[in-house]
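# Structural features, examined
Take a look at the letters that make up each chain.
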Amino acid sequence: MSVYDCTQPESRDEGIDAAATALSAGGLVVLPTDTVYGIGAAAFDPAAVAALLAAKGRGRQSPPPVLVPAPATVAGLATDVPAAVHTLLETFWPGPLTVICRAQPTLAWDLGDTGGTVALRMPDDEVALALLTRTGPLAVSSANRHGRPAATTVLEAATALGDTVEVYLDGGPSRGGVASTIIDATGPTLRVVRAGALSLDELTAVVPEITDVERPASAEDGAKDGAVGP
């Protein structure tokens, strides 16, 4: 495994190159986000996604969310996206908001037992966005073993995941440390299914009809169909 200091411009570019190469070959990478560190795989590589779940000690019942480089990517990955969701994305992306939508049925991917849904987020982190711009959508889950706290440093991630990950991108300590808030947009109303970095008050100030904070955030809380992510 290789670790790259992405707090320095010269080694950041080298690290992003190495991570993009590893992902294209089916490998796993650890990357910083604005919440906690994530472990990522190419979203359209089923074997790589399976390796990601195995590295975490999780099964297909816990499909990873997908990180995207721009809001425009949502149209290619999700369908029947409510207007209220677009309002939320305009306000909170990039940022700590994950939205569960109906997945485009023609996509050639296998994220696990998703029930036809996909959880999407655009992180507010320069390193993560630079990598996503190179690779396109990535399946990304929190960088920890099942049942353990999410990593907030690259050392914590490496201690948990070891050589199951080919490339580690060190962006310094996580700025947030709290997982993203997850909203389910697949039903008749928008529901918060994981409380996180964004509060209900912040969300309802933009879209008043959001309801139902069901439980407090933690690194291993799940959303609809088991989605767990940074």
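Residues numbered from 1 in each chain as written. Predicted model: local features only at pLDDT ≥ 70, side-chain atom pairs only at ≥ 80, totals over all residues. Heavy atoms only, no water.

Spelled out, the test is: UniProt positions are given in the numbering used here, feature names are shortened, and annotations may be inferred rather than shown by experiment.
The name that an unreviewed UniProt entry assigns to the protein chain is L-threonylcarbamoyladenylate synthase, with the source organism given as Georgenia satyanarayanai. Under the UniProt heading Sequence similarities (unreviewed entry), the entry covering the protein chain gives this text: "Belongs to the SUA5 family." Looking at the protein chain in UniProt, the text filed under Subcellular location (unreviewed entry) is "Cytoplasm".

### Re the overall build of the protein chain
Threshold: Per the convention used, a helix needs a DSSP run of H or I reaching at least four residues, while a strand needs a run of E reaching at least two, with both numbered from the N terminus. Radius of gyration: C-alpha atoms only; globule rule: 2.2 Å multiplied by the number of residues to the exponent 0.38. Categorising residues by exposure relies on relative accessible area from a 1.4 Å probe, with only protein chains included: less than 20% of the type maximum marks a residue as buried, more than 50% marks it as exposed, and the intermediate range marks it as partly exposed. Two residues form a contact once any of their heavy atoms are found within 4.5 Å. Surface accessibility in these figures is a Shrake-Rupley result with a 1.4 Å probe; residues are shielded only by whichever protein chains are displayed.
The secondary structure content of the protein chain amounts to seven helices and eleven strands. Radius of gyration (C-alpha) of the protein chain: 16 Å, near the 17 Å computed for a compact globule of 230 residues. Seen through its principal axes, the protein chain has C-alpha atoms that stretch 45 × 35 × 30 Å. The burial tally for the protein chain puts 56% of its 230 residues in the buried class. Look at the contacts in the protein chain between residues 6 or more apart in sequence, and 66% of them connect residues 24 or more apart. Total accessible area on the protein chain is roughly 9100 Å²; 53% of this is exposed by carbon and sulfur atoms.

### A look at the pattern of salt bridges
Definition in use: In what follows, salt bridge is the name for a side-chain nitrogen of Lys or Arg lying within 4 Å of a carboxyl oxygen of Asp or Glu.
Under the defined criterion, the tally for this structure stands at seven salt bridges. Two residues, Arg60 and Asp110, come together in a salt bridge whose shortest N-O distance is 3.1 Å. Placement of Arg60 in the loop between α2 (46-56) and β4 (66-67) and of Asp110 in the loop between β6 (97-103) and β7 (117-121) is noted, with a sequence separation of 50 residues between them. The partner of Arg175 in a salt bridge is Asp125, with the nearest N and O atoms 3.7 Å apart. With Arg175 in the loop between β9 (167-170) and β10 (181-184) and Asp125 in the loop between β7 and α5 (126-135), this pair connects stretches of sequence that are 50 residues apart. Via salt bridges that share partners, Arg60, Asp110 and Asp113 belong to a single interconnected network.

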